[in-house]
Amino acid sequence: MQLTQRTTGAPVTATYWMDHAWLGTHVEPGVTLDVADGRVAGIRTGVETPPPGATALRGLTVPGLANTHSHAFHRALRATVQVGSGTFWTWRELMYRTASRLTPDTYFDLARATYAEMALAGITAVGEFHYLHHAPGGTPYANPNAMGEALIAAAAEAGIRITLLDTAYLAAGFGEKPTRHQLRFSDTTAEAWAERASLLKGDDHTLIGAAVHSVRAVPAGQLATVARWAEERNAPLHVHLSEQTAENDACQAAHGRTPTRLLADHGVLGPRTTGIHNTHLTEADIELLGSSATGTCMCPTTERDLADGIGPAAALQKEGSPLSLGSDSHAVIDLFEEARAMELNERLRTHIRGHWTAAALLRAASADGHAALGRPDAGVLEPGAPADLTTVALDSVRTAGPVPRLAAETAVFAASAADVRHTVVAGRHIVRDGRHTRIEDVPRALAEAVAALHH
């Protein structure tokens, strides 16, 4: 038996026994993990049977997954936006219609159910790209952060961590005032946005970060205000970047440079920054992002759902941009699907297989995602890390058959969110045997929350 020394003198509050665990480089059979103060206090290998009092997690246990990019209210669009045809821009009109119906109470209900769905999918932390700030027409609520606080409370009830990426969304386009629907999003100026965002408070499960919605939605002269707000707080900063060629063309017309170059010129890029999508980039853009260690969050299910295109993920990583993954519009919520889609998209584009190992894809879905959300100590099963983990069944119709040493490959290339059996956050069992421990009927909660927006 190998013993990893404990990192704290605090009492152990839970012990989990994993019949197979992913320890970053390999699958290890028979592992126990002790929890103290919500963190991993110690790990022992070579433990063939569950010790007395330990909770058994049967399957492959991996670090909890990080959903780096989410718009919670888009969950209400699932299936309805699959009717007919169109582009990102026609999809956006349907999205605006749903956004116009939300109140703090209905947003809480929808987000609570959506985050519970994430927990059921093995996600232990979400990056919520939050721009739905005000009442219809743009009038601030009596509590100016009523919508953001509803999201924080929803994540707490669903049992997952949240990084609330409060988003500056000030304009409809280059030199264009917000549309009627966008008035709910706008604080009118970056200074007013910063004043409101500064009122948000984090806690043990909540971090507050910032976001630039896009270069078309924040005037160039105000980008530095958002970047400075995040820098002063050492907070993560996210931005939708070059998702659409139309945005690139408009930026070139307005500023004579690409969106990436514009962000670089105004101090937005850097190791705390993550570009979302990064789809339509020049070679110079890729070099700028990589050399500044700006991250890339790929959202393959959304990018293909909206016909956006395939981003140059492999080239970005090669240049130094860490990769993470998000479910974005929640066409599906399944980080295993996002991970394999990134690899399979690259295969389709290059006609070559094997751009990332299963280990690299798991890292994108966990450690690098958590780092992008401001938790660089998370996403590993090591002493001192947050005790956040998820267990994937190895005996379902999708995962049965392969030998256990290939369990990581099985999880990434064959499993789905439906194969998640356990989710543990801060040492607490949030999903047990495929059922949420706090929300009795998640499908019903989702159905009721979505139905409330269509009445």
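Since the model is a prediction, treat every value here as computed from it, not as a measurement.

Caption draft 1: Layout of the overall build of the chain. Counting its regular elements, the chain contains 15 helices and 17 strands. Radius of gyration (C-alpha) of the chain: 21 Å, near the 23 Å computed for a compact globule of 455 residues. Its C-alpha atoms give the chain principal-axis dimensions of roughly 65 × 50 × 45 Å. Here the chain, with 455 residues, has 59% of them falling under the buried criterion. In the chain, of all internal contacts separated by at least 6 residues, the share reaching a separation of at least 24 is 74%. Looking at the chain as shown, the accessible area adds up to about 17500 Å², and 52% of this sits on carbon and sulfur atoms. Across the chain, the centroid of the 38 positively charged side chains sits 2 Å from that of the 49 negatively charged ones.

Caption draft 2: View of the pattern of salt bridges. Under the counting rule described, the total for this entry stands at 19 salt bridges. A salt bridge links Arg216 to Glu247; the nearest nitrogen and oxygen atoms lie 2.5 Å apart. With a gap of 31 residues between them, Arg216 in the loop between β9 (206–212) and α5 (220–232) and Glu247 in helix α6 (residues 245–255) connect regions that are remote in the sequence. Across the pair, Glu247 and Arg216 agree in class, each one buried. Across the salt bridge formed by Arg340 and Glu337, the nearest N and O atoms sit 3.1 Å from each other. In this pair, Arg340 and Glu337 both sit in helix α11 (residues 335–350), three residues apart, roughly one turn of the helix. Looking at Arg340, the relative accessible area reads 12%, which means it is buried. One network of salt bridges, with partners in common, ties together Arg75, Arg78 and Glu117.

Caption draft 3: Structural view of the sheet that holds strand β10 (residues 237–241). In space, the eight strands of this open sheet follow the order β6-β7-β8-β9-β10-β11-β12-β13, with parallel pairing throughout. Lying at the two open borders of the sheet, with one neighbouring strand each, are β6 (65–70) and β13 (323–325). Geometrically, the sheet is characterised by an average inter-axis angle of 25° between neighbouring strands, direction not taken into account. For strand β7 (residues 123–130) and strand β8 (residues 161–168), the ladder comprises six bridges, and the chain directions are parallel. Paired with Glu128 across the strands is Leu164, a residue of β8. Docked against the sheet, helix α2 (residues 104–120) engages β6, β7 and β8, running at close to 140° with respect to β7.

Caption draft 4: A look at the side chain of Thr296. In this fold, Thr296 is placed in strand β12 (residues 295–298). Polar contacts involving the side chain of Thr296 include one to the side chain of Asn278, which spans 2.8 Å.

Caption draft 5: Just α6, in detail. Of all the positions in α6, only Glu247, Asn248 and Cys251 are classed as buried. In a view along the axis of α6, the buried residues occupy a sector of 100°, so they form one face of it. The exposed set on the far side of α6, more than 90 degrees from its buried face, consists of Asp249 and Ala253. Residues of α6 that are buried sit in contact with β10 and α7 (259–265). Downstream of α6 by a residue or two, Gly256 has a phi angle that is positive, lying close to 70°.

Caption draft 6: Fine view of α11. With 16 residues, α11 ought to run about 22 Å at 1.5 Å a step, and its terminal C-alpha atoms sit 23 Å apart, in line with that. Burial runs high along α11: 12 of the 16 residues are buried. When we look at burial in α11, the residues that qualify are Leu335, Phe336, Glu337, Glu338, Ala339, Arg340, Ala341, Met342, Glu343, Asn345, Glu346 and Arg347. Of the residues trailing α11, His351 is marked for its positive phi of about 65°.

Caption draft 7: Region of interest: the state of the cysteines. In the structure shown here, the tally under the stated rule is zero disulfides. Sulfur of Cys299: no disulfide; nearest cysteine sulfur belongs to Cys297 and is 3.9 Å away. Judged by its relative accessible area of 0%, Cys299 falls in the buried class.

Caption draft 8: The arrangement of the confidence of the model for the chain in detail. When pLDDT is averaged across the chain, the result is 95; 97% of the residues are at 70 or more. Taking the mean pLDDT of every element in the chain, the minimum, 48, falls on strand β1 (residues 2–3) and the maximum, 99, on β7.

The rules behind the values
Residues numbered from 1 in each chain as written. Predicted model: local features only at pLDDT ≥ 70, side-chain atom pairs only at ≥ 80, totals over all residues. Heavy atoms only, no water. Helix = DSSP H or I, 4+ residues; strand = E, 2+ residues; numbered from the N terminus. Rg over C-alpha atoms; globule rule 2.2 N^0.38 Å. Buried < 20%, exposed > 50% of the residue type's maximum accessible area, 1.4 Å probe, protein only. Contact = heavy atoms within 4.5 Å. Areas by Shrake-Rupley, 256 points an atom, 1.4 Å probe, with all protein chains shown as cover. Lys, Arg positive; Asp, Glu negative; His and termini not counted. Charge placed at Lys NZ, Arg CZ, Asp CG, Glu CD. Salt bridge = Lys/Arg side-chain N within 4 Å of Asp/Glu carboxyl O. Pairing = 2+ DSSP bridges. Axes fitted to C-alpha atoms, helices over the stretch in contact; angles between N-to-C directions. Polar contact = N/O pair within 3.5 Å; in protein donor to acceptor, adjacent residues only side chain to side chain. Arc of directions from axis to C-beta. Expected span 1.5 Å × (residues − 1). Disulfide = S-S within 2.5 Å. pLDDT = per-residue confidence, 0-100.

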